[in-house]
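Structure assessment
So the chains spell out like this:
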Amino acid sequence: MTDWTDPDTFAQALERVETKEKGNCFEDFEEGDLIEHDPGLTLTEWGNESWMSQTLNHDPAYWRTDAAAERGFDEPPIHPDYLTAATLGITVEDLSEKGGYFLGRTDVRFPGTPVYAGTELHVESEVVNCATSSSRPEYGIVSWRTRGRDAETGEVLCSYERTNMIPRREPVATDGSGAAAAEEDDDPELPEEFIAPEGGYYEDFAEALETADNENAAVAYRHERGRTQDDVTVASLPLATLNTAKQHHNVDVMSDSPSGDIVTYGDVTRSTALGHARSDEQTWREVGFDDESFHTFVAVGDTVYAFTRVLEAEDDASSDDAGTVTFEHIAFNQDDEPVYSGTRTAEIRKRSN
C-alpha cells in the first residue's frame, strides 16, 4: 500500500499532478467584456474602523456621531479609502491575481451622498483596452473600468479605471524597443522657495497659493508622521477586502521576487500617505483622485511617509462651509524613494466667521 505522506512519495506526486491555477492571463481578456465579480462584501463598521485606524485616518466625522452630524451625516459613514480598497480587493481574483505590475489608476469617483455600514457592495469591471507590451513579451497590458454598486439600489458607490501588466500564457514577439528612456536632468528646475500653509483650512491653502503666484515658489511640504509596515498592514488589511493576490500573502512565492518578501497592498500605502496628509488638513469631503501611480514595492519593515504639493484652490464646494482644493500627494519610504503619487481633489473646511 502506498504511503502518500512519505516525503519522497509525496514529492513525486507533487511533481506529476496538475496545479489548479487561480486568476486570468492576458489572453482571457477582450475589449468590451463585462466581468461581474462573484464575491460580494458587506461594508462593516469593524472593517471601516480597522482600515482607518491602521492607516492613521483620524477624521472625527468617521469616528464620532456628533462630528458626523455636524458634517450632515446620519452616522459615521464608510471612509472613501476603505470603500476604494474594498472595491478593488473584490476584483483581484478575476483581474490581477496572476501578478504583474500595477501601472496606475485614475478617475476615482464617489457619490455625493454618504455610504453607511451595512451596505452590500457588488462590483463589476469592463475591459476597456488590451495592448501588447513592447518591452516585456511575457506580459500584456489591460485596462478596466470598475464600478462598485450598492446591491440594493444599484447606485454606483465607487468607480475608477486601472491598468495592469498581466502575464501571457505564451510570450509574443516584440521589437524590444520599449518606452523611450527619459534623459537624465542633472539640474531639475525646482522653485526657489517652498511655502507651507499656515494652517489646514481652505483659506490657508488659498493664501499660500496666492503668495506663491507672486514669487518663484511652490506650495509644498512634508508631513511628520511615518507608519512602518507590519503584519497587519501587509497581510491582514488586504484579506479584509478579499484581496487574495499572492504578492501580499505567499512568502514562499515572493522569496524569489525583487522584494524578497510579501509586499503591501497599494491601497494601504496610498491610504497611509493620505492619512498623514489629512492630519494637517480640515478635510470636509473627498471628491476624487486622478493619475495614481505606484512606483516601487513597500514591504514589511518599510516606513511610509508623505509629501504634499497644493495645486489649486477654488471657492466652490457642495457646502458653503468648505472650498475645493486639489493636491498632489507623494508617498515615500525611509530611503526617500517615491512609492506612490496621485492627484486628489477634496473639499476643505473654511474657518468659521
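Residues numbered from 1 in each chain as written. Predicted model: local features only at pLDDT ≥ 70, side-chain atom pairs only at ≥ 80, totals over all residues. Heavy atoms only, no water.

- Going by what an unreviewed UniProt entry lists, the chain is known as MaoC family dehydratase and is assigned to Natrinema zhouii.

1. Notes on the overall build of the chain
- Scanning the chain from N- to C-terminus turns up nine helices and twelve strands.
- Buried positions account for 47% of the 353 residues belonging to the chain.
- Here the contacts in the chain between residues at least 6 apart in sequence split such that 73% fall between residues at least 24 apart.
- Accessible surface, the chain as shown: approximately 18,000 Å² in total, 45% of it carbon and sulfur.
- Averaging the coordinates of the 27 positive side-chain charges in the chain and doing the same for the 75 negative ones gives two points 4 Å apart. (Helix = DSSP H or I, 4+ residues; strand = E, 2+ residues; numbered from the N terminus. Buried < 20%, exposed > 50% of the residue type's maximum accessible area, 1.4 Å probe, protein only. Contact = heavy atoms within 4.5 Å. Areas by Shrake-Rupley, 256 points an atom, 1.4 Å probe, with all protein chains shown as cover. Lys, Arg positive; Asp, Glu negative; His and termini not counted. Charge placed at Lys NZ, Arg CZ, Asp CG, Glu CD.)

2. Concerning the state of the cysteines
- One pass over the structure, following the stated rule, counts zero disulfides.
- We note that C130 lacks a disulfide partner, and the nearest cysteine sulfur, in C25, lies 13 Å from it. (Disulfide = S-S within 2.5 Å.)

3. Focus on the packing of helix α2 (residues 45-54) against helix α6 (residues 231-240)
- Closest axis-to-axis distance for the α2/α6 pair is 11 Å, and the angle between their directions is 155 degrees. When the interaxial angle is binned, α2 and α6 end up roughly antiparallel. For α2 against α6, the interelement crossing comes out left-handed. Where α2 approaches α6, its residues S50, W51 and Q54 are matched on the opposing element by V232, T233 and L237.
- Tallied by class, residues from the contact of α2 with α6 come to three nonpolar, three polar and no charged. (Axes fitted to C-alpha atoms, helices over the stretch in contact; angles between N-to-C directions. Parallel < 35°, antiparallel > 145°, perpendicular 65-115°, else oblique. Left-handed = near helix turned anticlockwise from the far one by under 90°. Nonpolar A, V, L, I, M, F, W, Y, C, P; charged D, E, K, R; others polar.)

4. A closer look at the pairing of strand β9 (residues 283-294)
- In this structure, strand β3 (residues 102-109) lies alongside β9, joined through three bridges in antiparallel fashion. Directly across from R109, in β9, lies its bridge partner G288.
- In terms of strand pairing, β9 meets strand β12 (residues 338-349) through eight bridges, oriented antiparallel. Within the sheet, the bridge partner assigned to T283 lies in β12 and is I348. (Pairing = 2+ DSSP bridges.)

5. Looking at the nonpolar core
- In this structure, L43, W51, L83 and L121 are the most contacted members of the largest nonpolar core, which totals 34 residues.
- Listed by contribution, the elements that provide at least two residues to this core are α4 (80-95), β3, β4 (120-132), β6 (156-167), α9 (266-278), β9, β10 (303-314) and β12.
- A total of seven residues in this core trace back to one element, the largest contributor, which is α4.
- Counting residues in hydrophobic clusters, the runner-up holds 14 residues, among them Y202, F205, V310 and F327. (Core = buried A, V, L, I, M, F, W, Y, C linked by side-chain atoms within 4.5 Å.)

6. Remarks on the environment of A245
- Along the chain, A245 turns up in the loop between α6 and α7 (246-249).
- On a C-alpha basis, the gap between A245 and R162 in space is 16 Å, while along the polypeptide they are 83 residues apart.

7. A few points about a negative patch on the surface
- Residues E198, E207, E210 and D213 make up a contiguous surface patch of negative charge.
- Residue position: E198 is located in the loop between β7 (193-195) and α5 (202-213). (Patch = residues over 30% accessible without salt bridge, like charges linked within 9 Å, V, L, I, M, F, W, Y side chains within 5 Å. Salt bridge = Lys/Arg side-chain N within 4 Å of Asp/Glu carboxyl O.)

8. Regarding a nonpolar patch on the surface
- Together, F10, L14 and V17 line one region of the surface with nonpolar side chains, adding up to about 290 Å² of accessible area.
- A residue is classified by how much of its surface remains accessible, and L14, at 51% relative accessible area, is exposed.

9. Examining the environment of R145
- Take R145: it is sitting in strand β5 (residues 139-150).
- Put simply, R145 and N129 are 16 residues apart on the chain and 9.5 Å apart in space, counted from C-alpha to C-alpha.
- Dropping the residues within four chain positions of it, R145 is found in contact with T106, D107, E124, S125, E126, V128, S159, Y160 and E161.
- Engagement of the side chain of R145 in a polar contact is seen with the side chain of S159, the distance being 3.3 Å. (Polar contact = N/O pair within 3.5 Å; in protein donor to acceptor, adjacent residues only side chain to side chain.)

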